[in-house]
Amino acid sequence: MPGIRGPSEYSQEPPRHPSLKINAKEPFNAEPPRSALVSSYVTPVDLFYKRNHGPIPIVDHLESYSVTLTGLIQNPRKLFIKDIRSLPKYNVTATLQCAGNRRTAMSKLRNVRGVGWDVSAIGNAVWGGAKLADVLELVGIANLTGSTNLGGRHVELVSVDRCKEENGGPYKASIPLSQATNPEADVLLAYEMNGETLNRDHGFPLRVVVPGVIGARSVKWLDSINVIAEECQGFFMQKDYKMFPPSVNWDNIDWSSRRPQMDFPIQSAICSVEDVQMVKPGKVSIKGYAVSGGGRGIERVDISLDGGKNWVEASRTQQPGKHYISEHNSSDKWAWVLFEATIDVSQTTEVIAKAVDSAANVQPENVESVWNLRGVLNTSWHRVLLRLGHSNL
């Protein structure tokens, strides 16, 4: 499309932070050290996980870049970046998480297919841009609309990004029209991240941010917005990112039997220490994140040192110096909560974290119960083993 192009090879990739753990180079997929996640409430841009499906698109002429709005609407039109920037700007603090976060724990149980993420395929940022609801109003779709007069019920978001899974076609996803037109859902066409212009890895010049939903629906390098009657039929909606039971394998899988995953479930992970880490006897600070999809708050994070027989409650914070209350208007409903607890270690100890959200959803105890062939949505209790020995902690 004019102004932006998706290259066919990887010779013009942007620079990346040297501390990132690279899970794949072409396309580039990487996550930060887990300790970086609890160093600040807002994840630095350079340390935000990167999930790509092809070479990073290149913007040649920003002024020529546009987004096409089309489909089952009365007034299709083309919007340039200046048109989108002229709409009211909103800043939304939201956590994005790959559906495959914590996949490596599943792969230790049985083989799974997918990028080998540890616990850091997640990040929290302040996204700045126009609300998709305001953009859709420009083509005559009012707020809180569930269906257009022409039968449109879903909004397909199409990227410039080309990927092999689409046979060289564009990456795409969709969300319900009722969500896209709801101002309270805070779906953004974002052009800023943490107060700065988006960089290339994160979708420059324009990306979608769908808060509370798995990262696969927050399409980067936006090319077009199509109002359609049914869900997007793209690969990543119909043949990936669906939750199957442990009994399903590659021989008996029926992709049509499951809906595309949208909201991410309750999740938490310990980040201040690694698994199988040596520590000195005494007090150890246990820090991590907890988050739930759909705007649900975090009611509790519990820590156990005896396999789940007894628990202590960790403290929870969002913005520094500000008391966190789940689902209160003073809290960021789309963002993670950072937790902390101090434990006393006198012997080799397995530390367990589990979170509870405002709907009383609780992380499942064992990875076996949620194992699936794609290794998505591992939300089981998070466990790290601390061994007594020499340590700098």
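None of these values were measured; they are calculated from a predicted model.

Side note on the domain arrangement of the protein
Entries for the protein in the domain assignment read domain 1 (4-239) and domain 2 (267-388). Computed from C-alpha coordinates alone, the two centres of domain 1 and domain 2 are separated by 27 Å. Domain 1 puts 35 residues into the contact, and the matching count from domain 2 is 40 residues. Carbon and sulfur atoms make up 58% of the area that domain 1 and domain 2 hide from each other, which totals about 3000 Å². We note a salt bridge from Glu274 to Arg34, for which the minimum N-O separation is 3.4 Å. Joining domain 1 to domain 2, the criterion identifies 25 residue pairs in polar contact (both at pLDDT 80 or more).

Here's the deal with the pairing of strand β24 (residues 382-388)
Of the strand pairs in this sheet, strand β17 (residues 277-279) and β24 are connected by three bridges, and their pairing is parallel. When the bridges of β24 are listed, Gln277 appears paired with Leu386. Across five bridges, strand β23 (residues 349-357) lies against β24 in antiparallel orientation. Within β24, the residue paired with Glu350 across the bridge is Leu385.

Observations regarding the pairing of strand β18 (residues 282-291)
Buried residues dominate β18, accounting for seven of its 10 residues. The pairing of strand β16 (residues 267-270) with β18 spans four bridges and is classified as antiparallel. By the bridge assignment, Gln267 is partnered in β18 with Val291. Note that β18 and strand β22 (residues 337-345) share nine bridges and pair antiparallel. Residue pairing across strands places Gly282 opposite Val345, the latter belonging to β22.

Section: the packing of aromatic side chains
Scanning all chains against the criterion turns up 10 aromatic pairs. Where Phe48 meets Trp127, the ring centres are 5.8 Å apart and the plane angle is 85 degrees; that geometry is what we call edge-to-face. Highlighted residues: Phe48 in the loop between α1 (34-37) and β4 (50-51) and Trp127 in strand β9 (residues 122-131), separated in sequence by 79 residues. The burial state of Phe48 is the same as that of Trp127; both residues are buried. Pairing Trp250 with Trp255 gives two aromatic rings, centres 6.3 Å apart and planes at 50 degrees, and the pair type is tilted. Taken together, the ring pairs in this structure connect Phe48, Tyr49, Trp117 and Trp127 into an aromatic cluster. Over the aromatic face of Trp371 sits the side chain of Arg110, whose NZ or CZ is 3.7 Å from the ring centroid.

Calculation notes
Residues numbered from 1 in each chain as written. Predicted model: local features only at pLDDT ≥ 70, side-chain atom pairs only at ≥ 80, totals over all residues. Heavy atoms only, no water. Domains from an automatic or database assignment. Contact = heavy atoms within 4.5 Å. Buried area = accessible area lost by both parts, 1.4 Å probe. Salt bridge = Lys/Arg side-chain N within 4 Å of Asp/Glu carboxyl O. Polar contact = N/O pair within 3.5 Å; in protein donor to acceptor, adjacent residues only side chain to side chain. Pairing = 2+ DSSP bridges. Helix = DSSP H or I, 4+ residues; strand = E, 2+ residues; numbered from the N terminus. Buried < 20%, exposed > 50% of the residue type's maximum accessible area, 1.4 Å probe, protein only. Phe/Tyr/Trp six-rings, centres within 6.5 Å; stacked < 30°, edge-to-face > 60°. Lys NZ or Arg CZ within 6 Å of the ring centre and 35° of its normal.

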